[in-house]
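Listed below are the residues making up each chain.
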Amino acid sequence: MLTRCRHTAYLVGALVLFWATPAVYAQELNLEDQVIEHTLDNGLRILMVERHEVPRVVCHIYYRVGSVNERPGITGISHFHEHMMFKGTRTIGVTDFAADDALNRQIDSLYHLIYREKYWKRDGDQAKIKQWEAQADSLMKYEKRYIIKDDLWETYMKNGGTGLNASTGQEITGYYVTLPSNKVELQMWLESDRMLNPYFREFYSEKEVVREERRLSENSPGYFFREQLNATFWAASPYAWSVVGWDADLQKLTKQDMIEYNRRYYVPNNAVAVYVGDINPQEIIALAEKYFGRVPRGPDPEPVRTTEPKQYCEKRVYGEAEAPPSVTIMYHVPPAGHPDAEVFRVISGLMNGTTGRLYKKLVKEKGIAVEASAFGGGMMYDGQYSFSGRPKSEAGHTPEEVEQALYEEIELLKKEPVPEYELQKVKNQTEANFIQSLRSTYALAARLGRAELGLGWRDLQKSLERMKAVTAEDIMRVASTYFVKDNRTVGILYRAARTPQGRRPR
């Protein structure tokens, strides 16, 4: 009985949240009153939000760099670079830098010979390659006596650090840790040291770790199909390759590639540091000036030159994998900041979830799919929006049936105005979810940092206002403009049949 009462209370609370949250939390969303910003002379942006509930501080640092900044030949380098940032610097992770540096110079010289023999020649001397690889392996084993394994991690952990992590995406790379409020100075020193003194120790062995990570991804059912579908969708844009990169490029990446990439993108004027929690902003600024201020400004990185040209024709990709059959319909849409960008956010609200149109129509009413969804929108340089679904194959339904059902829902978006109650429900829910997410110190730091490197953190609030202004006519216009045949790439994945001998190609 007590449990039931609690459920009732939660239900009432949820209903109140659903209909009234935007108004109730409007004051809390006023980021203008909460965010304090400061810019160092070298261009590093500092964003701060005071929250004194617990004596801890979420410390994030983001760089405007990801796989979209790569080019053929060095795909995967952003993710690889993230790995290398945990291998120490000239001051961290090593007992005798001079001795370690001397060994690394010898190792680099050997790999310079190996790469030229292995990758520059059609028929390189395999005996020489084996000899040089054996010499390099011997030196790398000897080097271990100078390496302090996991020094950065251990230093953070010994000082109360939690949530230590990093991530690399298509456009942004981030490094995260949460510390006691009296240990923020440690984060400033360590992160500024990574920015000032990168070294790329254990480059060649870590490359194999990164390649193994890609191989693990390849074991995911349907990975190769998804990779090829994405590469087909993007004809020119560097969004065409995945963050992990092509294996052929990973094999041939050199340490010099890494050094040049670091110098181009991992500079203070291409980064933002965010501190949310139990902070004194003036103390944070003073520490940032002391530690990050010693890092010289770098050249301003050029934005990505190649953007996606107009498609002009439908593309279709068919494949097989030992994975559930599916259909994916991808459309090109404008980049973030475009006046139409928030319309796609509303369309996602209309389509998704158990109360969304796709689930209700394809899963519940027609019973032809086990799941269906729609997601996407503008990115930094281009945009894509996808509709997808998995057919109820055990009942004989096919990806093509689901594809046609998705088109029917898309046509409804074009031809019938979304009823006002449905539109308002989506807006309220979107706003409530957004505001709720900002109550977490971690999520707030992440949103501020990523937004700052895109359209600026103030756009978080402005984008919400733009979303609330979307009309039923906007949805019809946008759907009619972008969800058209010549602008789409369709991927049909069939489940690969198996025989006692293994997979049977179609």
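Scroll up to find the structure this text is about.
Reference entry: report on the structure contained in this document. Residue indices begin from 1 for each chain and proceed along its sequence in written order. Only residues with pLDDT of at least 70 are given local features in this predicted model, and only at 80 or more are side-chain atom pairs given and counted; all residues enter the totals for whole chains, interfaces and linings. Computation of side-chain values: all heavy atoms of the structure, hydrogens and water removed.

### Here we look at the overall build of the chain
Then comes step 1: The way it works is that DSSP assigns letters per residue, a run of H or I at least four long becomes a helix, a run of E at least two long becomes a strand, and they are numbered from the N terminus. Helix and strand content of the chain: 18 helices and 13 strands.
Then comes step 2: On C-alpha atoms alone, the chain measures out to a radius of gyration of 26 Å, which is about the 23 Å that the 2.2 N^0.38 rule sets for 506 residues.
Then comes step 3: When the backbone C-alpha atoms are referred to their principal axes, the chain occupies close to 70 × 65 × 50 Å.
Then comes step 4: Remark: exposure states derive from per-residue accessible area (1.4 Å probe, protein chains only) relative to the maximum for the residue type, with buried under 20%, exposed over 50%, and partly exposed in between. Among the 506 residues that make up the chain, the fraction classed as buried is 51%.
Then comes step 5: In this description, contact between two residues means that some pair of their heavy atoms is separated by no more than 4.5 Å. Contacts in the chain between residues far apart in sequence, at least 24 positions, make up 82% of those at least 6 positions apart.
Then comes step 6: Areas reported as accessible are Shrake-Rupley estimates using a 1.4 Å probe. Residue values count occlusion only from the protein chains shown. As displayed, the chain offers around 24200 Å² of accessible surface, 52% of which is attributable to carbon and sulfur atoms. When we talk radius of gyration, it's over C-alpha atoms, and the globule rule is simply 2.2 Å times the number of residues to the 0.38.

### Concerning the sheet that holds strand 7 (residues 315–321)
Then comes step 1: Here 5 strands make up an open sheet; going across it, the order is 7-11-8-10-9 and the pairing mixed. Each end of this open sheet is capped by a strand with a single partner; those strands are strand 7 and strand 9 (369–378). Within this sheet the neighbouring strands show an average axis-to-axis angle of 15 degrees, counted without direction.
Then comes step 2: When DSSP locates at least two bridges between a pair of strands, those strands are taken to pair. Direction of pairing for strand 8 (residues 326–333) relative to strand 10 (residues 383–391): antiparallel, over a ladder of 7 bridges. Orientation is described by axes fitted as lines to C-alpha atoms, over the contacting stretch for helices, and by angles from 0 to 180 degrees between their N-to-C directions.

### Details of the sheet that holds strand 6 (residues 271–277)
Then comes step 1: Strand order in the open sheet formed by 6 strands is 1-2-6-3-5-4, with mixed pairing between adjacent strands. Among the strands making up the open sheet, the edge pair consists of strand 1 (35–39) and strand 4 (162–168). Averaged over all pairs of adjacent strands, the angle between strand axes in this sheet comes to 15 degrees, irrespective of strand direction.
Then comes step 2: In the sheet, strand 3 (residues 56–63) pairs with strand 5 (residues 173–180) via 8 bridges, with the strands oriented antiparallel. By the bridge assignment, I61 is partnered in strand 5 with Y175.
Then comes step 3: Strands in contact with helix 2 (residues 77–84) are strand 4 and strand 5; relative to strand 4, the strand with the most contacts, it is inclined by about 155 degrees.
Then comes step 4: Along the sheet, helix 6 (residues 184–196) contacts strand 3, strand 5 and strand 6; its crossing angle with strand 3, the most-contacted strand, is approximately 15 degrees.

### Describing the environment of I77
Then comes step 1: Among the structural elements, I77 can be located in helix 2.
Then comes step 2: When the C-alpha positions of I77 and L250 are compared, they lie 7.5 Å apart, and in sequence the two are 173 residues distant.
Then comes step 3: Not counting residues up to four positions away in its chain, the partners in contact with I77 are E70, L253, D257, M258 and Y261.

### Re the packing of aromatic side chains
Then comes step 1: Stacked, tilted and edge-to-face are the three classes applied to pairs of Phe, Tyr and Trp rings, where Trp contributes its six-membered ring and a pair requires centres within 6.5 Å; stacked means planes under 30 degrees apart, edge-to-face means over 60, and tilted covers the rest. Following the criterion strictly, the structure yields 26 aromatic pairs and no others.
Then comes step 2: On the numbers, 6.1 Å between centres and 85 degrees between planes, the contact of Y63 with Y175 is edge-to-face. One end of the pair, Y63, is in strand 3; the other, Y175, is in strand 5, with 112 residues separating them in the sequence. Comparing Y63 with Y175, the two get one shared label, buried.
Then comes step 3: Each ring, one from W234 and one from Y239, has its centre 5.3 Å from the other, and the planes form 40 degrees; the classification is tilted.
Then comes step 4: Residue W234 is classed as buried on the basis of its relative accessible area, which comes to 3%.
Then comes step 5: Residue classification places Y239 among the buried residues on the basis of a relative accessible area of 1%.
Then comes step 6: Taken together, F80, Y111, Y115, Y119, F203 and Y204 form an aromatic cluster joined through their ring pairs.
Then comes step 7: The ring of F86 has R194 lying over it, and the distance from NZ or CZ to the ring centre is 4.8 Å.
Then comes step 8: For a ring to carry a charge above it, either NZ of a lysine or CZ of an arginine must fall within 6 Å of the ring centroid while also lying within 35 degrees of the normal to the ring plane. Directly above the aromatic system of Y199 lies the positively charged group of K255, at a separation of 5.9 Å from the ring centroid.

### Remarks on the pattern of salt bridges
Then comes step 1: Should a side-chain nitrogen of Lys or Arg be within 4 Å of a carboxyl oxygen of Asp or Glu, the pair is scored as a salt bridge. Evaluation of the coordinates by the stated rule reveals 35 salt bridges.
Then comes step 2: Linking E133 and K118 is a salt bridge whose minimum nitrogen-to-oxygen distance equals 3.0 Å. In this pair, E133 sits in helix 4 (residues 126–143) while K118 sits in helix 3 (residues 97–119), placing the two residues 15 residues apart along the sequence.
Then comes step 3: For E212, the salt bridge goes to R215, with nearest N and O atoms at 3.0 Å. Placement of both E212 and R215 in helix 7 (residues 203–218) is noted, with a separation of 3 residues, approximately one turn of the helix.
Then comes step 4: Among the charged side chains, a network of salt bridges with common partners joins E32, E37, R45, E452 and R458.

### Notes on the side chain of E227
Then comes step 1: Along the chain, E227 falls in helix 8 (residues 223–233).
Then comes step 2: Under the relative-accessibility criterion, E227 is labelled buried at 8%.

### Re the pairing of strand 1
Then comes step 1: Alignment of strand 1 against strand 2 (residues 45–50), held across 5 bridges, turns out to be antiparallel. Within the sheet, the bridge partner assigned to T39 lies in strand 2 and is R45.

### So, empty space enclosed by the protein
Then comes step 1: Cavities and pockets were defined on a 1 Å grid built from protein atoms only: a cavity is a group of points that admits a 1.4 Å probe but offers it no way out, a pocket is an open group of points flanked by protein on both sides within 12 Å along at least five of seven lines, and a lining residue is one with an atom within 4 Å of any such point. Grid points are joined across faces, edges and corners, and a volume is the space filled by probe spheres set on the points. Tallied over the full model, the rule gives 1 cavity of 30 Å³ or more.
Then comes step 2: Here the largest cavity is characterised by a volume of approximately 50 Å³.
Then comes step 3: Y63, M85, Y175, E191, R194, M195, N262 and Y266 are the residues that line the largest cavity.
Then comes step 4: Per element, the largest residue contribution to the lining of the largest cavity is 3 residues, and it comes from helix 6.
Then comes step 5: All residues other than Ala, Val, Leu, Ile, Met, Phe, Trp, Tyr, Cys, Pro, Asp, Glu, Lys and Arg, Gly among them, are scored as polar; the first ten of these are nonpolar and the last four charged. Each residue belonging to the lining of the largest cavity can be placed in one class, and the counts come to 5 nonpolar, 1 polar and 2 charged.

### A word on unusual backbone geometry
Then comes step 1: Of note in the backbone geometry, D150 takes a positive phi value of approximately 55 degrees without being a glycine.
Then comes step 2: Along the chain, D150 falls in the loop between helix 4 and helix 5 (151–158).
Then comes step 3: For E202, which is not glycine, the phi torsion reads 60 degrees and is therefore positive.
Then comes step 4: A residue is classified by how much of its surface remains accessible, and E202, at 15% relative accessible area, is buried.

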